[in-house]
Every structure is written in C-alpha cells, then in structure tokens.
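Residues per chain are reported as follows:
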Amino acid sequence: FVQKPAEGMISGKKFVVQEATFNRGTLNLVDSANGPTRSIGIALEDFAIKPDGKVFYMRDGRDMGQKIVVMTSWPTASGQFGQHNYTWKDPVGLKLQFGKRSKGLLPVFLVLRLPDVQKSYLQGYVYATVYEP
C-alpha cells in the first residue's frame, strides 16, 4: 500500500480524498477541492459484518469473499449528477484493508483501478468517520 493520504486520477481529473465516511457497509470518499464535488462509494454487500481488521478484494471484477460495488458520482453540465456503478461484471481491481476503529474513526488502506479509458485509479489511506454502531 502507498503510505500517503488517498489520491489519484478519476476520469482524467485529479482526485484527492477530502472527506471519508463509513456507514452501513459503504465507504464514501469525497473530493471537493478539485472543482465541483465528486465521490467514490465502495459498498460491501454484507454490511452487517464489521470490516475492522479485514481485507477485501476485487480482481478483474471478481469479488473475493464479499460482494462489492464501486460507485462513481460526478456533477454534469446540467447541474445533475452522473453515476456509474462497477460490479463483478467489470474488470475492477480493488484491495481494501480496514484497521481497527478508534474514537469514531476507521483507518482504511486502499488501491483501486477502474476499467475506463482514462485508467482511473485511487490509492493511499483514509480515516473514515464512522456513522454506525
């Protein structure tokens, strides 16, 4: 894992995680510093399982032990939001390693590669604010 705060290039534009939250199995990563707000959501299907201390993978879109959906969201020229979901049908590369939560924060190391023409990626660590018991 890259030992720096999470950043990368999504759809050809720099993406620096400004805010990270974890709620009901979804890690939401937001960049609002590089233009209009864009986000990446990584949803674990079995959100009842606490991710603390666990590692989850997607290789070539195959879920390794946990079904995962990666969602990208961006503002459009019309003021609406566009969204794309990547599932097991897409050749996504993802490794998520969760640490142990402490004081309402959940450390997460991640490497993400998306199958788009811009070769989108995101890697590094975040401390996600936890909004669940």
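As a reminder, the structure under discussion sits directly above these lines.
Given the structure is predicted, the values throughout are model-derived calculations rather than measurements.

Visitor: Got a minute to help me understand the overall build of the chain in this structure?
Guide: Per the secondary structure count, the chain includes zero helices and 12 strands. When its helices and strands are written in sequence order, the chain yields β-β-β-β-β-β-β-β-β-β-β-β. Taking 2.2 N^0.38 as the reference for a compact globule, 133 residues should give roughly 14 Å; the C-alpha atoms of the chain span a radius of gyration of 14 Å, in line with that estimate. Counting only C-alpha atoms, the chain reaches 40 × 30 × 30 Å along its principal axes. Counting every position in the chain, which comprises 133 residues, the buried fraction comes to 40%. Counting contacts in the chain only where the partners sit at least 6 residues apart, residues at least 24 apart contribute 53% of the total. When the accessible area of the chain is evaluated, it comes to approximately 7,300 Å², of which 53% is carbon and sulfur surface. Each charge class in the chain was averaged separately, 17 positive and 11 negative side chains, and the resulting centres sit 4 Å apart.

Visitor: Got a minute to help me understand the pairing of strand E6 (residues 55-59) in this structure?
Guide: Note on strand geometry: in a regular strand, side chains alternate between the two faces of the sheet. Here E6 shows a clear split, with Phe56 and Met58 buried on one side and none of Val55, Tyr57 and Arg59 buried on the other. Across four bridges, E6 lies against strand E10 (residues 93-98) in antiparallel orientation. Bridge assignment links Phe56 to a residue of E10, and that residue is Leu96.

Visitor: Just to check I follow, could you spell out the packing of aromatic side chains for this structure?
Guide: When we look at a pair of aromatic rings, we describe it by the centre distance and by the angle of the planes. Applying the stated criterion across every chain yields a total of four aromatic pairs. Measuring from ring centre to ring centre gives 5.9 Å for Tyr125 and Tyr127, while their planes differ by 75°; the resulting arrangement is edge-to-face. Classification of Tyr125 by relative accessible area gives partly exposed; the value is 26%.

Visitor: Please explain the pattern of salt bridges as it appears in this structure.
Guide: Opposite charge on two side chains makes pairing possible when the charged atoms of those side chains draw close. As enumerated under the stated definition, the model contains three salt bridges in all. Notably, a salt bridge pairs Arg38 with Asp31, separated by 3.1 Å at the nearest N-O pair. A salt bridge links Arg101 to Asp52; its shortest N-O distance comes to 2.8 Å. In this pair, Arg101 is assigned in the loop between E10 and strand E11 (105-113) and Asp52 in the loop between strand E5 (38-44) and E6, connecting sequence segments 49 residues apart. Judged by relative accessible area, which is 16%, Asp52 ranks as buried.

Cut-offs used in this document
Starting from 1, residues in each chain are numbered consecutively following that chain's sequence as written. Local features in this predicted model are restricted to residues whose pLDDT is 70 or higher, and side-chain atom pairs enter the listing and the counts only when it is 80 or higher, whereas totals over whole chains, interfaces and linings include all residues. Remark: hydrogens and water are excluded; side-chain values derive from all non-hydrogen atoms of the structure. A run of H or I in DSSP becomes a helix once it reaches four residues, and a run of E becomes a strand once it reaches two; helices and strands are each numbered from the N terminus. Note that the radius of gyration is over C-alpha atoms, with the globule rule given as 2.2 Å times the number of residues to the power 0.38. Burial status follows relative accessibility: with a 1.4 Å probe on protein chains alone, a residue under 20% of its type maximum counts as buried, one over 50% as exposed, and anything between as partly exposed. When checking whether two residues touch, look at their non-hydrogen atoms; a contact exists if any pair is within 4.5 Å. Residue-level accessible areas treat just the shown protein chains as cover; the underlying method is Shrake-Rupley with a 1.4 Å probe. Residues scored as positive are Lys and Arg, those scored as negative are Asp and Glu, and His as well as the terminal groups of each chain are ignored. Note that the charge is assigned to NZ on lysines, CZ on arginines, CG on aspartates and CD on glutamates. A strand pair is defined by DSSP finding two or more bridges across the two strands. Side-chain rings of Phe, Tyr and Trp (the six-membered ring for Trp) are treated as a pair once their centres are within 6.5 Å; stacked means planes under 30 degrees apart, edge-to-face means over 60, and tilted covers the remaining angles. The salt bridge criterion pairs a side-chain nitrogen of Lys or Arg with a carboxyl oxygen of Asp or Glu, the two atoms within 4 Å.

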